[in-house]
Amino acid sequence: RKERGFITVLNREISILQDGRMQSGSVQKKLVTIQVLKVNPEKKELRLKLEITDLGNPPTVEADSVFWLGYSDFPMIDNIRLPNGHRCAIVMTHFQESSAEIRFVHFPGSRASLKEKPYYDEVIDQLRKSTGQKTP
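Throughout, a residue's number is its position along its own chain's written sequence, starting from 1. The model is predicted, so local features are restricted to residues of pLDDT at least 70 and side-chain atom pairs to those at 80 or more, both for listing and for counting; the totals for chains, interfaces and linings are taken over all residues. Values shown for side chains rest on all heavy atoms present in the structure; no hydrogens or waters enter the calculation.

Chemist: Run through the overall build of the chain, naming residues and quoting values.
Modeler: Strands are runs of DSSP state E lasting at least two residues, helices are runs of H or I lasting at least four, and both sets are numbered from the N terminus onward. What the chain contains, in helices and strands, is 1 helix and 8 strands. Taken from N to C terminus, the helices and strands of the chain fall in the order β-β-β-β-β-β-β-β-α. Considering the chain as a whole, with its 136 residues, one finds that 32% of them fall into the buried category. Note on classification: 1.4 Å probe, protein chains only; a residue is buried when its accessible area is under 20% of the maximum for its type, exposed when over 50%, partly exposed between these limits.

Chemist: Describe the sheet that holds strand S8 (residues 100-108), and please don't skip the residues or the numbers.
Modeler: Between any two strands, pairing holds if DSSP finds at least two bridges. Pairing within the open sheet is antiparallel, and its 3 strands lie in the order S6-S7-S8. The sheet is open, and its two borders are formed by strand S6 (80-81) and S8, each paired with just one other strand. Of the strand pairs in this sheet, strand S7 (residues 86-95) and S8 are connected by 9 bridges, and their pairing is antiparallel. Counterpart to Met92 in the pairing with S8 is Ile102.

Chemist: Report on unusual backbone geometry, specifying residues and quantitative values.
Modeler: Of note, the bond from Asn57 into Pro58 is cis; its omega dihedral lies within 30 degrees of zero at 5°. Inspection of the secondary structure puts Pro58 in the loop between strand S4 (45-54) and strand S5 (60-69). The phi angle at Lys44 is positive, at roughly 55°, despite the residue not being glycine. Relative to the assigned elements, Lys44 resides in the loop between strand S3 (27-40) and S4.

Chemist: Help me get a handle on the pattern of salt bridges, residues and values and all.
Modeler: Basic side-chain nitrogens of Lys or Arg form a salt bridge, by our definition, when they fall within 4 Å of a carboxyl oxygen of Asp or Glu. In total, this model carries 5 salt bridges according to the counting rule given. One salt bridge in this structure joins Asp64 and Lys49, with 2.6 Å as the shortest N-O distance. One end of the pair, Asp64, is in strand S5; the other, Lys49, is in strand S4, with 15 residues separating them in the sequence. For Lys49, a relative accessible area of 21% translates into the label partly exposed. The partner of Arg103 in a salt bridge is Glu101, with the nearest N and O atoms 2.7 Å apart. Each member of the salt-bridge network shares a partner with another, and the members are Lys30, Asp54 and Glu62.

Chemist: Describe the environment of Pro41, with residues and values.
Modeler: Within the secondary structure, Pro41 sits in the loop between S3 and S4. Between the alpha carbons of Pro41 and Gln96 there is a distance of 7.9 Å; along the sequence they are 55 residues apart.

Chemist: Tell me what's going on with the side chain of Asn40, and back it up with residues and numbers.
Modeler: Counting through the fold element by element, Asn40 comes out in strand S3. With a relative accessible area of 17%, Asn40 lands in the buried category. Any N or O atom pair separated by 3.5 Å or less is treated as a polar contact, with the protein-specific requirement of one donor-capable and one acceptor-capable atom, and with residues adjacent in sequence counted only for side-chain atom pairs. Of the polar contacts made by the side chain of Asn40, one reaches the backbone nitrogen of Glu42; its length is 3.2 Å. Looking at Asn40, its side chain comes within polar contact range of the main-chain nitrogen of Lys43, at 3.1 Å. Any two residues whose heavy atoms approach within 4.5 Å are treated as being in contact. Residues contacting Asn40, with those up to four places away along its chain left out, are Glu45, Trp68 and Phe95.

Geometric descriptors of this kind do not, in isolation, establish any biological role.
Written as structure tokens, this is what we have:
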């Protein structure tokens, strides 16, 4: 869908399992929107805008990023940090002058590169959950 000089290539609701287990209340709904802002055919790159919104009550924007995507961007290295230790990335698998194929990948932060450590508040939150304490 083309709007105001950019093309929306994905606008879809996804379901995320918390902690990888199906439990009551463990599924979160999120809206993922990806827009192509520019194309650089010489470098075979796309300028993308990614927005992820948690559809809870109230809805909150978890990610709002603009970046260049090329063949050498790999999800384990080039990814976006999300709440609760999750990550996401976009991968380009095919590029031609008139089209490109990209994939959205959502994965646990434990699968990301070792260069990034979890934030201090994420570690404390995980410890509280494992001991049954409520988060303030």
